[in-house]
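One-letter residues, chain by chain:
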Amino acid sequence: MACVPLTRDLCMSRSTLLSRSIWGANIHRGLATHLARGAASAAALNVQPRSPTTARSVQEVVSDDLPTISMDGRKVAVGWDTRTWSRFHNIWLRDHCRCPQCFHSTTKQRLLNTFEIPADITPSQVEPTADGLQVSWPSSESHVSLYPWSWLQKNSYDPPLGQRETRAEKIIWSSKIQTSPPTITYQEAMAEDDRGLYKWLSHIDRFGMCFISGVPPTPEATEELSRRIGFIRETQYGKFWDFTSDLAKGDTAYTTLALGAHTDNTYFTDPCGLQLFHLLSHTEGTGGSTLLVDGFYVASILKELHPEAYSILARTPVPAHAAGEPSALYQPSPPSGYPVLGHDPVTGELIQVRWNNDDRSVMNNLDPYQVEEWYNAIKTWHKLLTSPDSEYWVQLGPGTAVIIDNHRVLHGRSAFTGKRRMCGAYIGVDEYRSKLAVLREKFAANPNTPSVLETERSIWSPAL
Ligand SMILES: C[N+](C)(C)CCCC[C@H](N)C(=O)O
Ligand SMILES: O=C(O)CCC(=O)C(=O)O
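Residues numbered from 1 in each chain as written. Chains lettered and ligands numbered in written order. Predicted model: local features only at pLDDT ≥ 70, side-chain atom pairs only at ≥ 80, totals over all residues. Heavy atoms only, no water.

The protein chain appears in an unreviewed UniProt entry as trimethyllysine dioxygenase from Mycena alexandri. UniProt, in the comment section headed Function (unreviewed entry), describes the protein chain in these words: "Converts trimethyllysine (TML) into hydroxytrimethyllysine (HTML)." (UniProt positions renumbered as here; feature names shortened; annotations may be inferred.)

Pasting the structure below:
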């Protein structure tokens with residue numbers, strides 16, 4: 001649809017211009033997608049109509065269903081309906097051009113030199129099209145950008161429209177989950193079409209853990225299973241671990257001691273994302289049950305019943321160390337550590353639990369007036385963690401592995417006697433979330449559109 005430039009920064013689509021008496025010539029209707037349509041009033045746009053046209057005529061203008069577009073100063077406003085407008089800075093739009101000159105269509109990396117965009121850049125034309133908002137930029141050779149409406153809605157920042165790629169809803173659980181814990185079979189997990197792998201990772205994403213039944217009771221099969229998700233995260237404990245109570249490594253996991261509910265790697269800046277355990281054998285003794293606790297469930301109760309304690313655990317950094325191996329002395333960066341309850345700085349949602357009281361270092365950063373309330377807070381936290389309502393005890397055995405989200409689910413074990421052989425692996429949180437994102441692209445895409453694997457990954461992928 002050709003554009004008829006009206007003034008420096010305004011344009012009307014030719015058909016719109018010819019077929020309508022347009023209110024405030026810089027207004028046209030656009031694709032309202034699933035949103036109710038309605039006329040935008042001049043007041044809402046803070047725009048002086050170019051001709052004495054009432055808002056009503058704007059409503060009459062709704063012949064096609066494209067959003068209303070307006071430009072004021074350094075922004076383009078998109079009217080999704082009478083109450084819902086998004087404003088995008090010109091420089092922001094230019095910076096996010098996805099044309100092949102500005103954005104590498106294979107590597108999905110920005111090619112445009114952001115820093116050469118004039119601070120006062122203004123479109124020479126803006127036009128709503130069925131494919132999205134089309135913006136022409138003043139330059140020696142005309143440069144046209146196109147922004148799909150759904151992309152603009154997802155990435156609207158003024159205001160946020162709540163259409164961001166939200167993570168799958170979390171299903172928080174108590175000890176009652178033992179009646180039907182999330183489980184997949186080894187065959188499903190290993191199936192080459194990855195559908196079972198997607199089911200497995202979707203369970204982990206929702207529940208924070210998942211059992212895998214029918215696993216051949218060998219370290220080799222367990223390692224192969226772990227690698228289905230991503231490469232194994234190597235640490236001072238090695239890559240794939242196969243351990244017992246021989247203090248082969250300087251950590252109480254390599255003893256017969258009980259381990260209270262904890263998350264691993266609190267001494268790392270970046271604790272592992274997933275941890276898989278498979279008990280290969282336990283002979284000549286008893287005990288060694290596995291403890292699982294949903295840290296998000298316990299945090300939700302703490303927040304409800306003890307908001308002050310929640311707030312202290314959410315803001316007080318906790319130092320930690322791993323110093324049992326002569327060749328290693330781990331502390332997080334910064335050494336002051338991170339709070340027990342970590343939150344998304346944008347959404348405020350709880351996204352991480354970091355808790356290992358055994359690995360906790362010296363609390364030398366506490367506000368002197370905070371010391372006792374901090375200890376009261378962790379006592380309250382511990383009381384909830386160790387309640388029968390929270391603790392899910394399960395006896396693992398050869399053939400049944402369990403994988404946990406180490407940013408959410410705490411684990412532990414009861415003391416034991418005899419010979420007990422456990423194997424497993426860490427997977428990095430980014431490797432886990434990347435694999436889940438790729439599988440979601442493959443399987444959760446709109447069934448009416450070809451799988452993204454048959455086409456290029458969209459340059460409009462919500463993750464980019
Ligand atoms: C898993 N594996 C047996 C290899 C090591 C266990 C290390 C446990 C450590 N205290 C932590 O909480 O991170
Ligand atoms: O031995 C177990 O069952 C668990 C050990 C443990 O908690 C760990 O390795 O982090």
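Okay, back to it.
K.L.:
Is there a simple way to explain empty space enclosed by the protein in this structure?
P.N.:
Summed over all chains, the structure comprises four cavities of 30 Å³ or more. Its boundaries defined by the atoms lining it, the largest cavity holds a volume of some 400 Å³. For the largest cavity, the lining is made up of 25 residues, of which Ala253, Leu259, His262, Asp264 and His411 are closest to its centre. Broken down by class, the residue content of the lining of the largest cavity amounts to eleven nonpolar, eight polar and six charged. Here the second largest cavity is characterised by a volume of approximately 80 Å³. Lining the second largest cavity are Thr266, Val318, Pro319, Ala320, Tyr338, Pro339, Arg354, Trp355, Asn356, Asp359 and Arg360. Class assignment of the residues belonging to the lining of the second largest cavity gives a composition of six nonpolar, two polar and three charged. (1 Å grid on protein atoms, 1.4 Å probe; cavity = no way out; pocket = protein on both sides within 12 Å on 5 of 7 lines; lining within 4 Å. Points joined across faces, edges and corners; volume = space filled by probe spheres on them. Nonpolar A, V, L, I, M, F, W, Y, C, P; charged D, E, K, R; others polar.)

K.L.:
Looking at this structure, I do not really get the site of ligand 2. What am I missing?
P.N.:
Around ligand 2, the surrounding shell consists of Phe243, Ala253, Leu259, His262, Asp264, Gln275, Phe277, His411, Arg413, Arg420 and Met422. A distance of 2.9 Å separates an oxygen atom of ligand 2 from a polar atom in the side chain of Asp264. Here an oxygen atom of ligand 2 and a side-chain polar atom of Arg413 are 2.9 Å apart. Burial of ligand 2 by the surrounding chains reaches 93%, relative to a free accessible area of 290 Å². More than half of the atoms of ligand 2 fall within 2 Å of the grid points belonging to the largest cavity. Counting only elements with at least two residues in the shell around ligand 2, the list comes to strand 12 (259–262), strand 13 (274–283), strand 21 (409–413) and strand 22 (419–427). (Near = heavy atom within 4 Å. Polar contact = N/O pair within 3.5 Å; in protein donor to acceptor, adjacent residues only side chain to side chain. Areas by Shrake-Rupley, 256 points an atom, 1.4 Å probe, with all protein chains shown as cover. Sits in = over half its atoms within 2 Å of the grid points. Helix = DSSP H or I, 4+ residues; strand = E, 2+ residues; numbered from the N terminus.)

K.L.:
What exactly am I supposed to notice about the site of ligand 1 here?
P.N.:
The local shell around ligand 1 holds 15 residues, among which Asp251, Asn265, Tyr267, Asn356 and Asp359 are the closest. In this structure, a nitrogen atom belonging to ligand 1 sits 2.7 Å away from a side-chain N or O atom of Asp251. When isolated, ligand 1 has an accessible area of 380 Å², and the protein chains bury 96% of it. Its atoms largely coinciding with the cavity grid, ligand 1 occupies the largest cavity. Here the residues of the shell around ligand 1 are counted per class, giving seven nonpolar, five polar and three charged.

K.L.:
Help me understand the UniProt feature "domain: Gamma-butyrobetaine hydroxylase-like N-terminal" (unreviewed entry) in the protein chain, please; the structure alone is not making it clear to me.
P.N.:
Mapped onto the present numbering, the UniProt feature "domain: Gamma-butyrobetaine hydroxylase-like N-terminal" (unreviewed entry) falls at residues 70–152. Across residues 70–152 one finds 12% helix and 35% strand; the C-alpha atoms that close the span lie 15 Å apart.

K.L.:
Explain the sheet that holds strand 6 (residues 125–129) to me, please; I cannot follow it from the model alone.
P.N.:
Strands belonging to one sheet form pairs held by backbone hydrogen bonds; the direction of such a pair is parallel or antiparallel. Taken in spatial order, the three strands line up as 6-7-8 in an open sheet, and their pairing is antiparallel. A strand with exactly one partner marks an edge of an open sheet, and here the two such strands are strand 6 and strand 8 (143–147). The sheet shows a mean angle of 20° between the axes of neighbouring strands, direction not considered. Summarising the sheet, strand 6 and strand 7 (residues 132–137) pair through five bridges and their orientation is antiparallel. Paired with Thr129 across the strands is Gly132, a residue of strand 7. (Pairing = 2+ DSSP bridges. Axes fitted to C-alpha atoms, helices over the stretch in contact; angles between N-to-C directions.)

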